[in-house]
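Chain residues, written in single-letter form:
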Amino acid sequence: MSISQNIQLVQARIAEAAVHAGREPASVMLLAVSKTFGAEAVIEAADAGQLAFGENYLQEAIDKQQAVQVLRPDLALDWHFIGPIQSNKTRPVAEHFAWAHAVDREKIARRLSEQRPPELPPLNICLQVNVSGEASKSGVSPDQLPVLAQAVVALPNVKLRGLMAIPEPTDDADLQRKPFALLRQLQRRLASMGIVTDTLSMGMSADMAAAIAEGATMVRVGTAIFGKRDYAK
Ligand SMILES: *Cc1c(COP(=O)(O)O)cnc(C)c1O
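Residues numbered from 1 in each chain as written. Predicted model: local features only at pLDDT ≥ 70, side-chain atom pairs only at ≥ 80, totals over all residues. Heavy atoms only, no water.

### Points about the packing of helix H2 (residues 39–47) against helix H3 (residues 58–71)
Next up, step 1: Two elements in contact, H2 and H3, have axes whose closest approach is 9 Å; the angle formed by their N-to-C orientations is 60°. For the element pair H2 / H3, the angle class is oblique. H2 and H3 meet at a crossing whose hand is right-handed. Across the interface between the two elements, Ala 39, Val 42 and Ile 43 of H2 pack against Lys 64, Ala 67, Val 68 and Leu 71 of H3.
Next up, step 2: Looking at the contact of H2 with H3 residue by residue, the class counts come to six nonpolar, no polar and one charged. (Axes fitted to C-alpha atoms, helices over the stretch in contact; angles between N-to-C directions. Helix = DSSP H or I, 4+ residues; strand = E, 2+ residues; numbered from the N terminus. Parallel < 35°, antiparallel > 145°, perpendicular 65-115°, else oblique. Left-handed = near helix turned anticlockwise from the far one by under 90°. Contact = heavy atoms within 4.5 Å. Nonpolar A, V, L, I, M, F, W, Y, C, P; charged D, E, K, R; others polar.)

### Regarding the packing of helix H1 (residues 3–20) against H2
Next up, step 1: The N-to-C vectors of H1 and H2 enclose an angle of 55°; their axes lie 8 Å apart at closest approach. Relative to H2, H1 is oriented oblique. The element H1 and its partner H2 pack so that their crossing is right-handed. Packed against H1, whose contacting residues are Ile 3, Ser 4 and Ile 7, the element H2 presents Ala 41, Glu 44 and Ala 45 at the interface.
Next up, step 2: Residues of the contact of H1 with H2, tallied by class, amount to four nonpolar, one polar and one charged.

### Quick look at the layout of surface pockets
Next up, step 1: Approximately 580 Å³ is the volume attributed to the largest pocket.
Next up, step 2: What lines the largest pocket is a set of 28 residues, and nearest its centre among them are Lys 35, Ile 166, Met 204, Arg 220 and Arg 229.
Next up, step 3: If you list the elements that add at least two residues to the lining of the largest pocket, you get helix H7 (173–192) and strand E8 (218–221).
Next up, step 4: Among the residues making up the lining of the largest pocket, the classes are represented as 13 nonpolar, nine polar and six charged.
Next up, step 5: Within this model, the second largest pocket holds a volume of roughly 200 Å³.
Next up, step 6: Secondary structure elements with two or more residues in the lining of the second largest pocket: strand E3 (78–81) and helix H4 (90–96). (1 Å grid on protein atoms, 1.4 Å probe; cavity = no way out; pocket = protein on both sides within 12 Å on 5 of 7 lines; lining within 4 Å. Points joined across faces, edges and corners; volume = space filled by probe spheres on them.)

### Considering empty space enclosed by the protein
Take a probe with the size of a water molecule and roll it over the atoms, and the empty space left behind shows itself.
Next up, step 1: Counted by the stated rule, this structure contains two cavities of 30 Å³ or more.
Next up, step 2: By volume, the largest cavity amounts to about 40 Å³.
Next up, step 3: Around the largest cavity sit Gln 128, Val 129, Asn 130, Val 131, Ser 132, Ser 136, Ser 138, Ile 166 and Pro 167, which together line it.
Next up, step 4: Class assignment for the residues of the lining of the largest cavity results in four nonpolar, five polar and no charged.

### Here's the deal with helix H6 (residues 145–153)
Next up, step 1: Regarding H6, the residues found buried are Leu 145, Pro 146, Leu 148, Ala 149, Ala 151 and Val 152.
Next up, step 2: Tucked inside the fold, the buried residues of H6 contact helix H5 (106–115), strand E5 (123–128), strand E6 (158–164) and H7. (Buried < 20%, exposed > 50% of the residue type's maximum accessible area, 1.4 Å probe, protein only.)

### Structural notes on the site of the ligand
Next up, step 1: Surrounding the ligand, one finds 13 residues, the nearest of these being Lys 35, Asn 56, Ser 205, Thr 223 and Arg 229.
Next up, step 2: Between an oxygen atom of the ligand and a side-chain N or O atom of Asn 56, the distance comes to 2.7 Å.
Next up, step 3: Burial of the ligand by the protein chains amounts to 89% of its free accessible area of 390 Å².
Next up, step 4: The cavity that encloses the ligand is the largest pocket. (Near = heavy atom within 4 Å. Polar contact = N/O pair within 3.5 Å; in protein donor to acceptor, adjacent residues only side chain to side chain. Areas by Shrake-Rupley, 256 points an atom, 1.4 Å probe, with all protein chains shown as cover. Sits in = over half its atoms within 2 Å of the grid points.)

### Topic: the side chain of Gln 176
Next up, step 1: On the secondary structure map, Gln 176 appears in helix H7.
Next up, step 2: Accessibility expressed as a relative area gives 11% for Gln 176, which makes it buried.
Next up, step 3: If we ignore the near neighbours within four places in the chain, the residues touching Gln 176 are Thr 170, Asp 171, Ala 206, Asp 207 and Ala 210.

### Examining H2
Next up, step 1: Taken together, the buried positions of H2 are occupied by Ala 39, Ala 41, Val 42, Ile 43, Ala 45 and Ala 46.
Next up, step 2: Note on H2: the residue one or two positions beyond its end, Gly 49, has a positive phi of about 100°.

### Details of the nonpolar core
Next up, step 1: Formed by 66 residues in total, the largest nonpolar core has its most connected members in Leu 112, Ile 125 and Leu 127.
Next up, step 2: When sequence neighbours within four positions are dropped, the list of residues in contact with Leu 112 reads Ile 85, Thr 90, Val 93, Ala 94, Ala 100, Val 103, Leu 123, Ile 125 and Val 158.
Next up, step 3: Core analysis: the next-biggest nonpolar cluster, separate from the first, contains 10 residues, Ile 82, Ala 98, Trp 99 and Ala 102 among them. (Core = buried A, V, L, I, M, F, W, Y, C linked by side-chain atoms within 4.5 Å.)

Pasting the structure below:
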């Protein structure tokens, strides 16, 4: 299967899950997670109409952006940083991306705001929430989320767009939905405090249908588009 065929299949799965949930297929955006794949793969996806890409590894991502820019200066792509951000890596994220999905500390958000180049629009931010309790180390706890969200909305050069989660993997479709439902409830709780956001970044290759059933507006899909990743390369 080619990348472009895979994108069509994934878009069909997204549409089916959306319709099943009584939602508009267009309300779910596909983010193609291109980590470990090269500029050629990104260009092939872009030629199939996919313009938003997610990356986890900073240097790899920046090299890839530059390679795509050289090969195809006509392409205007949206780059999302979806990996964890160390505080000494905030500047390149602020300079090279349109979105950061895994912000879970005020310090990181503050640095991203301070380091966002003034000629660029505000950096779109999702707060990563730990929806799996003890099992996960990353993400703000649901209890601490409101305080963090309040701090982030006060920053001038970032825009709080919503919440993101990476639940513990499970094959059980009902169990898959629970953490996604929690994230949706947390978004609603923020809205009731006056912090209205439009994005739920949740769902990957193996659990996108469950995420869409619970209101995902952005699914982050790698394997189902590009194939299995080879980290040895
Ligand atoms: C790698 C990754 C994905 C994509 O996962 P697949 O299972 O390959 O679809 C999504 N989100 C994050 C944060 C990732 O690191």
